[in-house]
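These are the residues of each chain, in order.
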Amino acid sequence: MIGLISATAAGAAARDRLAAAWPDRTRVYEGPVADAVRRAFGECEQLVCFLATGAVVRLVAPLLSDKASDPGVVCVDEGGRFAVSLVGGHGGGANELARAVGKLLGAEPVVTTATDAVGVPGLDTLGMPVEGDVAGVSRALLDGEPVALDLELSWPLPALPSNVGSAAGAESGGGPTIRVTDRAFEPAGSEVVLRPPSLVVGVGASKGAPEDEVLGLVQGALADAGLSVASVGALATVDAKAGEPGIVGAAGRLGVPVLTYSAAELAEVDVPNPSAAPLAAVGTPSVAEAAALVGGGELLVPKRKSERADGAPAMATCAVVRRPGRGRLAVVGLGPGARDLLTPRAEAELRRASVLVGLDQYVDQIRDLLRPGTRVLESGLGAEEERARTAVAEARKGQAVALIGSGDAGVYAMASPALAEASDDIDVVGVPGVTAALAAGAILGAPLGHDHVSISLSDLHTPWEVIERRVRAAAEADIVVTFYNPRSRGRDWQLPKALAVLGAHREPTTPVGVVRNASRPDESSRVTTLAGLDPATVDMMTVVTVGNTATRNIAGRMVTPRGYRWQEATER
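For clarity, every value in this text was computed on a predicted model and none was experimentally measured.

Procedures and definitions
Residues numbered from 1 in each chain as written. Predicted model: local features only at pLDDT ≥ 70, side-chain atom pairs only at ≥ 80, totals over all residues. Heavy atoms only, no water. Helix = DSSP H or I, 4+ residues; strand = E, 2+ residues; numbered from the N terminus. Buried < 20%, exposed > 50% of the residue type's maximum accessible area, 1.4 Å probe, protein only. Contact = heavy atoms within 4.5 Å. Areas by Shrake-Rupley, 256 points an atom, 1.4 Å probe, with all protein chains shown as cover. Pairing = 2+ DSSP bridges. Axes fitted to C-alpha atoms, helices over the stretch in contact; angles between N-to-C directions. Salt bridge = Lys/Arg side-chain N within 4 Å of Asp/Glu carboxyl O. Right-handed = clockwise from strand over helix to strand, strands pointing away. Phe/Tyr/Trp six-rings, centres within 6.5 Å; stacked < 30°, edge-to-face > 60°. Lys NZ or Arg CZ within 6 Å of the ring centre and 35° of its normal. Arc of directions from axis to C-beta. Polar contact = N/O pair within 3.5 Å; in protein donor to acceptor, adjacent residues only side chain to side chain. Expected span 1.5 Å × (residues − 1). Left-handed = near helix turned anticlockwise from the far one by under 90°. Nonpolar A, V, L, I, M, F, W, Y, C, P; charged D, E, K, R; others polar.

Remarks on the overall build of the protein chain
Thinking step 1. When its secondary structure is counted, the protein chain shows 19 helices and 29 strands.
Thinking step 2. In terms of principal-axis extent, the alpha carbons of the protein chain reach across some 90 × 65 × 55 Å.
Thinking step 3. For the protein chain, buried positions account for 47% of its 572 residues.
Thinking step 4. Sequence separation of at least 24 residues holds for 66% of the intrachain contacts in the protein chain that already meet a minimum separation of 6.
Thinking step 5. Of the roughly 26400 Å² of accessible surface on the protein chain, a fraction of 52% belongs to carbon and sulfur atoms.

The following block contains the structure:
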């Protein structure tokens with residue numbers, strides 16, 4: 001929850017805007033400011049104070065105890081010009097909150113955390129628990145000192161600065177080190193340990209198994225094997241036990257999800273210690289081992305039973321599996337070109353990647369968003385399949401890869417060739433983007449208000465006979481059509497042919513929208529008619545949208561009604 005505090009009418013106005021935008025995430029604290037800050041500090045994960053910075057400093061200073069547990073505090077001036085990350089930039093999420101508040105209120109986010117200021121990833125912002133000398137190793141990163149990277153486990157990491165090298169190539173002597181491991185041990189003096197979620201604990205439990213018994217069993221198994229509880233990524237069990245309070249409660253205390261599988265799925269997994277008891281109870285000869293092994297991996301702790309102080313029969317079993325780190329491929333849509341149409345999720349994926357693959361002109365659009373050290377693999381037009389293969393190959397090496405495309409990566413872009421190349425040995429994430437059709441539609445008015453279809457007129461990969469059949473089907477069905485790739489120097493006859501097919505079913509006065517370079521600085525647009533469109537004015541940077549029989553030109557805007565009742569009402 002985010003606590004909101006203000007002292008003046010101007011501050012309250014900005015506060016209320018934030019509360020209205022985030023109704024489920026925020027709570028307004030009224031009353032004397034000092035009391036409001038004190039209550040919010042004790043009850044909320046984050047605070048936004050619409051007060052002078054000095055006043056907030058004095059109010060929160062006596063309340064601070066530990067950077068790992070203190071809430072993040074953002075201060076917004078009463079003029080709404082700046083959103084300052086004041087306390088808990090990383091641990092409390094204040095840096096990201098300042099950016100989000102700034103975006104919502106039109107304020108400039110002010111982030112002074114050293115790593116954020118220079119684009120170096122904070123060691124406590126890599127999405128996994130961190131232990132050790134975070135401040136010291138972060139200073140070494142910022143100062144350009146050699147920092148060793150010891151990957152005991154291969155795990156996809158974001159780009160790291162050039163002064164970070166493999167432990168094998170680094171000088172020995174206990175210098176600054178980043179170690180990635182799930183082993184349990186105390187970090188050395190100048191060492192940071194990152195705990196990847198590499199461990200899956202399979203759990204079986206009798207009905208009514210106490211939460212403490214399940215949790216104690218899991219913690220004991222990890223401790224005996226020398227494994228860190230911070231690296232547990234999930235508890236896994238049979239779906240018949242999905243709601244078992246002991247398992248659910250133990251997972252909650254560990255802060256991990258519960259993965260469930262059907263008995264049939266678990267019965268297919270080869271395990272070293274099958275048993276007749278779970279077979280009779282839930283229909284599979286193994287729950288703990290099988291559930292942990294469903295996704296593959298190394299069985300580190302075979303099935304073991306809980307021990308009860310009163311000597312009663314055990315009510316829980318567990319097994320621990322280390323799953324290998326999997327490469328990650330994010331297929332990212334950059335939108336039509338304007339920076340403010342690049343989604344926050346896309347921006348986050350760009351900063352998460354250690355390898356970026358893309359068309360050179362698209363790379364240039366977002367190069368400033370990449371972290372220092374990001375490896376960029378760019379190529380020119382016509383190399384789509386090569387880029388897809390390259391991105392998948394890098395992900396298979398265990399890298400965090402971003403493959404970029406314009407618009408939405410799944411619409412005439414890189415997602416199709418990449419997913420055709422990828423198998424289930426990597427994780428794939430799709431990041432949607434604003435398509436050229438949507439950007440053009442917003443510029444033209446509302447041409448896509450009813451059923452619509454997008455058709456590419458490029459016959460480089462699709463025979464013209466197929467394209468023409470699709471255009472004719474859209475024409476006969478009276479569907480609004482958006483043409484991608486409408487005309488190039490070497491393909492100048494396809495657009496006139498497609499317009500003629502549509503013209504056989506629509507009036508010459510049918511509105512047609514033409515948008516070139518939607519959302520970019522040299523954007524241009526116009527609304528004309530099916531008869532009035534000159535194909536020679538169209539190129540590959542243009543999107544052409546042809547209305548249906550209900551589409552109208554209203555005040556220079558292209559409008560397709562959502563229903564024909566509305567259309568009839570406007571015509572009367």
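Still more to cover.
Quick notes on the sheet that holds strand E15 (residues 298-305)
Thinking step 1. Strands sit in the order E14-E13-E12-E16-E15 across an open sheet of 5 strands; the sheet is mixed. Strand pairing shows two members of the sheet lacking a second neighbour, strand E14 (258-261) and E15, which therefore form its edges. Neighbouring strand axes in the sheet, compared pairwise and without regard to direction, differ in orientation by 20° on average.
Thinking step 2. Each of strand E12 (199-205), strand E13 (232-238), E15 and strand E16 (316-322) touches helix H7 (residues 211-224); the most contacted strand, E16, lies at about 40° to it.
Thinking step 3. Packed onto the sheet, helix H8 (residues 245-254) meets E12, E13 and E14 and runs at close to 175° relative to E13.

Here we look at the pattern of salt bridges
Thinking step 1. Counted under the stated rule, the structure contains 28 salt bridges.
Thinking step 2. As a salt-bridge pair, Lys397 and Glu394 come within 3.2 Å of each other at their nearest N and O atoms.
Thinking step 3. One network of salt bridges, in which partners are shared, links Asp150, Glu152, Arg179, Arg183 and Glu191.

A word on the pairing of strand E5 (residues 82-87)
Thinking step 1. The pairing of strand E4 (residues 72-76) with E5 spans 4 bridges and is classified as antiparallel. Each bridged residue has a counterpart across the sheet, and for Val74 the counterpart in E5 is Ser85.
Thinking step 2. Sheet topology places E5 next to strand E6 (residues 108-110); 3 bridges connect them, and they run parallel. Counted as the bridge partner of Phe82 is Glu108 from E6.
Thinking step 3. Once the chain exits E5 it traverses helix H4 (residues 94-105) before rejoining the sheet at E6, and the crossover so formed is right-handed.

Focus on the packing of aromatic side chains
The way to describe two aromatic rings as a pair is by their centre distance and the angle between their planes.
Thinking step 1. According to the stated counting rule, one finds 2 aromatic pairs in the structure shown.
Thinking step 2. For the pair Tyr412 and Tyr484, a centre-to-centre distance of 4.7 Å together with 50° between the ring planes defines the contact as tilted. Of this pair, Tyr412 sits in the loop between strand E20 (400-405) and helix H15 (415-421) while Tyr484 is found in strand E24 (residues 480-484), placing the two residues 72 residues apart along the sequence.
Thinking step 3. A relative accessible area of 44% means that Tyr412 is categorised as partly exposed.
Thinking step 4. Measuring from ring centre to ring centre gives 5.1 Å for Trp464 and Trp493, while their planes differ by 70°; the resulting arrangement is edge-to-face. You can see Trp464 sitting in helix H17 (residues 464-476) and its partner Trp493 sitting in the loop between E24 and helix H18 (494-503), a full 29 residues away along the chain.
Thinking step 5. Arg25 extends its terminal NZ or CZ atom over the ring of Trp22, reaching a point 4.3 Å from the ring centre.

Comments concerning H18
Thinking step 1. Along H18, the residues that are buried comprise Gln494, Leu495, Ala498, Leu499, Val501 and Leu502. Buried residues of H18, viewed axially, fall in a sector of 155°; they line one side.
Thinking step 2. Here the buried face of H18 lies against H17, E24 and strand E27 (542-546).

So, the environment of Thr26
Thinking step 1. Inspection of the secondary structure assignment puts Thr26 in strand E2 (residues 26-28).
Thinking step 2. Between the C-alpha atoms of Thr26 and Cys44, which are 18 residues apart in sequence, the distance is 9.1 Å.
Thinking step 3. Among residues more than four places away in sequence, those in contact with Thr26 are Met1, Ile2, Leu4, Leu18 and Ala19.

As for the side chain of Ser286
Thinking step 1. When you line up the elements, Ser286 lands in the loop between helix H10 (276-282) and helix H11 (288-293).
Thinking step 2. A polar contact is formed between the side chain of Ser286 and the backbone nitrogen of Ala290, at a distance of 3.1 Å.
Thinking step 3. If we ignore the near neighbours within four places in the chain, the residues touching Ser286 are Leu266, Val271 and Pro278.

Here we look at helix H1 (residues 9-21)
Thinking step 1. Between the first and last C-alpha of H1 there are 18 Å, a value that for 13 residues agrees with the 18 Å anticipated at 1.5 Å per step.
Thinking step 2. For H1, the set of buried residues is Gly11, Ala12, Ala14, Arg15, Leu18 and Ala19. The buried residues of H1 occupy one face: seen down the axis, they fall within an arc of 165°. Facing away from the buried side of H1 by more than 90 degrees, the exposed set consists of Ala9 and Ala20.
Thinking step 3. Those residues of H1 that are buried lie in contact with strand E1 (2-6), E2, strand E3 (46-50) and H4.

What about the sheet that holds strand E28 (residues 552-554)?
Thinking step 1. Pairing is mixed across the open sheet formed by 3 strands, whose spatial order is E22-E29-E28. Here the strands that pair on one side only, and so sit at the sheet edges, are strand E22 (445-446) and E28.
Thinking step 2. As paired strands, E22 and strand E29 (residues 557-559) are joined by 2 bridges and run parallel to one another. Paired with Gly445 across the bridge in E29 is Met558.

With respect to the packing of H17 against H18
Thinking step 1. The geometry of H17 relative to H18 is characterised by a closest axis approach of 9 Å and an angle of 30° between their N-to-C directions. With respect to the hand of their crossing, H17 and H18 are arranged in right-handed fashion. Together, Trp464, Glu468, Val471, Arg472 and Ala475 of H17 and Gln494, Lys497, Ala498, Val501 and Leu502 of H18 make up the contact between the two elements.
Thinking step 2. Its residues assigned to classes, the contact of H17 with H18 shows 6 nonpolar, 1 polar and 3 charged.

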